[in-house]
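Overview (structure and organization)
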Amino acid sequence: MLKIDMSKFGFDFFLSRGKKVKSLEDGAKKYGGATKFDNFIISNYEGSEYVDIKEDNNEISVFVPSTINTNEKTDSKIETEKSMQYLERFYNLEDMRYYTTKGSWYSEDLQSVVIEDITIITLKIEKITEKDVKIFKRLASRIKRNMKQEGVTISINEAMAIV
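The structure presented is a predicted model; accordingly, all values stated were derived computationally and were not measured.

So, the nonpolar core
Within the largest apolar cluster, 32 residues are counted, with the highest numbers of intra-cluster contacts made by Met-6, Val-62, Leu-87 and Phe-136. Ignoring any residue separated from it by four or fewer positions in sequence, one finds Val-62 in contact with Thr-119, Ile-120, Ile-121, Phe-136, Leu-139, Ala-140, Ile-143, Val-152, Thr-153 and Ile-154.

In structure tokens, the structure reads:
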């Protein structure tokens, strides 16, 4: 199995392991954050500095928040559309999908758990390369700046990185 050394990308956090948790709040308090999927809630936590790349059927995603300035509600539709347009420059739209779900994180600035709607844009790709990670990191940095966030998440297969 191929691996990418994530320490060379300068992420604020890289979380290579995942664990199911009872609630979004519980995951944020214990592990710093959590994401709700269809039938479960998962938190990621530190492990190795490497992400495993499968022989095929990999996924890389960016999480678009529904807040600006950390916790002020906003409509993320425009930022989601801009993000899709950016990704379309590099990838086929047929390989991408997006959906809205719930996410949580612990805000150091507010000293509390923030639970919000998030839009996850996911690219299904045969092989993930360092170039793909750089493209998604640049996108997450742009979203972070535009939406005035403490951090924006990208995920690579089961791992998460905070920009």
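Section: the packing of helix H2 (residues 77-88) against helix H3 (residues 130-146)
In contact at an axis separation of 11 Å, H2 and H3 are set at 155 degrees when each is read in the N-to-C sense. The angle between H2 and H3 falls in the class roughly antiparallel. Both H2 and H3 take part in a crossing whose hand is right-handed. Along its contact with H2, which presents Glu-79, Lys-82, Ser-83, Tyr-86 and Leu-87, the element H3 presents Ile-135, Phe-136, Arg-138, Leu-139, Arg-142, Ile-143 and Asn-146. Looking at the contact of H2 with H3, its residues break down into six nonpolar, two polar and four charged.

With respect to the side chain of Asn-58
Position of Asn-58 relative to the elements: it lies in strand E7 (residues 58-65). Reaching out from Asn-58, the side chain makes a polar contact with the backbone oxygen of Glu-126 at a distance of 2.5 Å. Only 2.8 Å separates the side chain of Asn-58 from the side chain of Asn-157, close enough to count as a polar contact. If we ignore the near neighbours within four places in the chain, the residues touching Asn-58 are Ile-53, Leu-123, Lys-124, Ile-125, Glu-126, Lys-127, Ile-128 and Asn-157.

Some points on the sheet that holds strand E3 (residues 17-21)
Strands sit in the order E2-E13-E12-E7-E11-E10-E4-E5-E3 across an open sheet of nine strands; the sheet is antiparallel. The strands lining the two open edges of the sheet, one partner per strand, are strand E2 (13-15) and E3. In this sheet, neighbouring strand axes are inclined to one another by 25 degrees on average, regardless of whether the strands run parallel or antiparallel. Where helix H1 (residues 24-31) meets the sheet, it contacts E3, strand E4 (33-36), strand E5 (41-45), strand E10 (96-107) and strand E11 (112-125), and its direction lies at approximately 150 degrees from that of E4. In the packing of H3 onto the sheet, contacts are made with E7, E11 and strand E12 (153-156), and the angle to E7 comes to roughly 5 degrees.

A word on the pattern of salt bridges
In this structure the tally under the stated criterion is nine salt bridges. Between Lys-54 and Glu-158 there is a salt bridge whose closest N-O contact spans 3.7 Å. In this pair, Lys-54 sits in the loop between strand E6 (50-53) and E7 while Glu-158 sits in the loop between E12 and strand E13 (159-162), placing the two residues 104 residues apart along the sequence. Given a relative accessible area of 31%, Lys-54 falls into the partly exposed group. The partner of Asp-117 in a salt bridge is Lys-102, and the shortest N-O contact between them spans 2.7 Å. Within this pair, whereas Asp-117 is found in strand E11, its partner Lys-102 is found in strand E10, the two being separated by 15 residues in sequence. Judged by relative accessible area, Asp-117 falls into the partly exposed class, the value being 30%. By relative accessible area, Lys-102 is classed as partly exposed at 35%.

Some points on the side chain of Thr-101
Structurally, Thr-101 can be placed in strand E10. Classification of Thr-101 by relative accessible area gives buried; the value is 12%. Here the side chain of Thr-101 touches Lys-36 through a polar contact of 2.5 Å, landing on its backbone oxygen. Setting aside residues no more than four positions away along its own chain, Thr-101 makes contact with Thr-35, Lys-36, Phe-37, Glu-116, Asp-117, Ile-118 and Ile-120.

Criteria and thresholds
Residues numbered from 1 in each chain as written. Predicted model: local features only at pLDDT ≥ 70, side-chain atom pairs only at ≥ 80, totals over all residues. Heavy atoms only, no water. Core = buried A, V, L, I, M, F, W, Y, C linked by side-chain atoms within 4.5 Å. Buried < 20%, exposed > 50% of the residue type's maximum accessible area, 1.4 Å probe, protein only. Contact = heavy atoms within 4.5 Å. Axes fitted to C-alpha atoms, helices over the stretch in contact; angles between N-to-C directions. Helix = DSSP H or I, 4+ residues; strand = E, 2+ residues; numbered from the N terminus. Parallel < 35°, antiparallel > 145°, perpendicular 65-115°, else oblique. Left-handed = near helix turned anticlockwise from the far one by under 90°. Nonpolar A, V, L, I, M, F, W, Y, C, P; charged D, E, K, R; others polar. Polar contact = N/O pair within 3.5 Å; in protein donor to acceptor, adjacent residues only side chain to side chain. Pairing = 2+ DSSP bridges. Salt bridge = Lys/Arg side-chain N within 4 Å of Asp/Glu carboxyl O.

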